[in-house]
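Residue-level structural notes
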Amino acid sequence: MARKEDVRSMFDSIAWRYDFLNHFLSIGTDYAWRRKAVREMGRMISPGNILDVATGTCDLAIASLKLNPQKVTGVDISQRMLEEGRKKVFRKGLSERIELILGDSEELPFGDNHFDAAMVAFGVRNFENPAVGIAEMYRVIREDGVVMILEFSHPGRFPFSAVYRFYFHYVLPFFGRLFSKDPAAYDYLPESVSSFPEGEEFMEIIGNAGFKDVKRRLLTGGVASIYTGRK
Ligand SMILES: C[S@@+](CC[C@H](N)C(=O)[O-])C[C@H]1O[C@@H](n2cnc3c(N)ncnc32)[C@H](O)[C@@H]1O
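Here is a short report on the structure shown in this document. (Residues numbered from 1 in each chain as written. Predicted model: local features only at pLDDT ≥ 70, side-chain atom pairs only at ≥ 80, totals over all residues.)

1. Overview of the overall build of the protein
Broken down by element type, the protein carries eight helices and seven strands. Along the longest, intermediate and shortest principal axes, the C-alpha atoms of the protein span 45 × 40 × 30 Å. Taking all 231 residues of the protein together, the buried fraction comes to 40%. In the protein, of all internal contacts separated by at least 6 residues, the share reaching a separation of at least 24 is 70%. (Helix = DSSP H or I, 4+ residues; strand = E, 2+ residues; numbered from the N terminus. Buried ≥ 20, exposed ≤ 12 C-beta atoms within 10 Å, placed from the backbone. Contact = placed C-beta atoms within 7 Å.)

Spelled out as structure tokens, the structure:
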């Protein structure tokens with residue numbers, strides 16, 4: 001896994017372009033994935049108090065307002081990503097409902113059993129130690145509360161898998177380099193996805209943190225997955 005400091009400075013440097021590149025490179029699919037992930041969570045719980053770990057520019061935090069929580073708290077280690085998120089939250093008039101905190105997923109600045117639900121989208125892969133981050137989510141969720149993790153995975157079926165590989169390893173880094181002015185950042189993306197555990201292996205990590213009823217739902221033929229569990 002990448003070092004925390006490197007991850008922080010990489011996201012600081014691409015923050016200004018993050019939203020544009022996300023939506024452009026996924027042709028807007030990322031919005032639909034977050035909405036589905038939130039719906040999945042809503043089937044398990046009506047949370048009053050939600051934590052969004054690695055909130056970045058707050059798209060998942062904003063999507064989760066569909067569940068009508070009293071409050072969503074977003075945490076991220078990148079000050080610049082949070083600044084972009086804060087501007088967006090302010091623009092949308094949501095500052096009363098979404099609180100943003102600079103903090104580390106592997107050392108969450110909250111007491112035990114604090115949230116009804118904790119979630120993370122495209123963040124776990126970047127943690128220095130994903131198992132520690134997931135254990136921290138477990139700690140801060142109340143008994144019977146829910147965890148939801150949205151993360152990239154690999155589509156298994158040919159020819160979709162071949163098209164995906166070409167897109168992810170060649171097209172995406174090309175546009176990433178072109179638009180973000182950070183050549184390393186969009187090489188890092190496919191590398192970090194390739195090396196990250198998925199499916200049963202990842203479900204075992206979630207289970208080892210203490211979560212039960214761990215489930216996975218595939219999105220877009222397996223390009224991404226929603227994992228859920230209950231404390
Ligand atoms: C790919 S972005 C995802 C942002 C957002 N969740 C979304 O759906 O667009 C990954 C985020 O994880 C954050 N991150 C990485 N390691 C972290 C850590 N240890 N603690 C908190 N945030 C972290 C990065 O700063 C970055 O904002």
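2. What to know about the pairing of strand β6 (residues 212–219)
It is a general feature of regular strands that their side chains alternate between the two faces of the sheet. When β6 meets strand β7 (residues 224–230), the two strands line up antiparallel, connected through six bridges. What sits directly across from Lys 212, in β7, is Arg 230. As consecutive antiparallel partners, β6 and β7 are separated by four residues, and within that stretch Thr 220 has a phi angle of approximately 45°, a positive value. (Pairing = 2+ DSSP bridges.)

3. Considerations on unusual backbone geometry
In this structure, Ala 54 is a non-glycine residue whose phi angle is positive, near 55°. Structurally, Ala 54 is set in the loop between β1 (49–53) and α3 (59–63). Of note in this structure, Asp 144 is not a glycine but carries a positive phi near 80°. Position of Asp 144 among the secondary structure elements: in strand β5 (residues 141–152).

4. Here we look at the site of the ligand
Neighbouring the ligand are 22 residues, the closest being Ala 54, Gly 56, Ser 78, Ser 105 and Ala 121. At the level of secondary structure, the elements contributing two or more residues to the shell around the ligand comprise α1 (4–25), α3 and β2 (71–76). (Near = placed C-beta within 6 Å.)

5. Regarding the nonpolar core
In this structure, Ala 37, Ala 117, Ala 118, Met 119, Val 147, Met 148 and Leu 150 are the most contacted members of the largest nonpolar core, which totals 55 residues. By residue number, the principal contributor to this core is β5, which donates seven residues. Those residues in contact with Val 147, other than ones at most four positions away along the chain, are Ala 118, Met 137, Ile 141, Phe 211, Thr 228 and Gly 229. (Core = buried A, V, L, I, M, F, W, Y, C linked by C-beta atoms within 7 Å.)

6. Brief notes about the sheet that holds β5
Here seven strands make up an open sheet; going across it, the order is β3-β2-β1-β4-β5-β7-β6 and the pairing mixed. The outermost strands of the open sheet, each flanked by one partner alone, are β3 (98–102) and β6. Within this sheet the neighbouring strands show an average axis-to-axis angle of 15°, counted without direction. (Axes fitted to C-alpha atoms, helices over the stretch in contact; angles between N-to-C directions.)

7. Some words on the pairing of β1
β1 sits mainly inside the fold: four of its five residues count as buried. Strand direction decides the pairing type here: β1 and β2, joined by five bridges, are parallel. Opposite Leu 51, over in β2, you have Thr 73 as the bridge partner. Relative to strand β4 (residues 115–121), β1 runs parallel, the two being bridged by four bridges. Directly across from Leu 51, in β4, lies its bridge partner Ala 118.

8. Considerations on the packing of helix α5 (residues 130–140) against helix α8 (residues 199–208)
For the pair α5 and α8, the least separation of the axes is 9 Å and the interaxial angle reads 45°. Overall, the two elements α5 and α8 adopt an arrangement that is oblique. The hand of the α5/α8 crossing is right-handed. Contacts from Pro 130, Ala 131 and Ile 134 in α5 reach Ile 205, Ile 206 and Asn 208 in α8. Classifying every residue of the contact of α5 with α8 gives five nonpolar, one polar and no charged. (Parallel < 35°, antiparallel > 145°, perpendicular 65-115°, else oblique. Left-handed = near helix turned anticlockwise from the far one by under 90°. Nonpolar A, V, L, I, M, F, W, Y, C, P; charged D, E, K, R; others polar.)

9. Regarding the packing of α1 against helix α6 (residues 160–180)
It is the contact of α1 with α6, at a shortest axis distance of 10 Å, that shows an interaxial angle of 145°. In this structure, α1 crosses over α6, and the sense of that crossing is right-handed. Along the contact surface, α1 presents Ile 14, Arg 17, Leu 21 and Leu 25, while α6 presents Leu 172, Phe 175, Gly 176, Phe 179 and Ser 180. Its residues assigned to classes, the contact of α1 with α6 comprises six nonpolar, two polar and one charged.

10. Notes on the environment of Glu 200
Residue position: Glu 200 is located in helix α8. Judged by the 9 C-beta atoms lying within 10 Å of it, Glu 200 is exposed.

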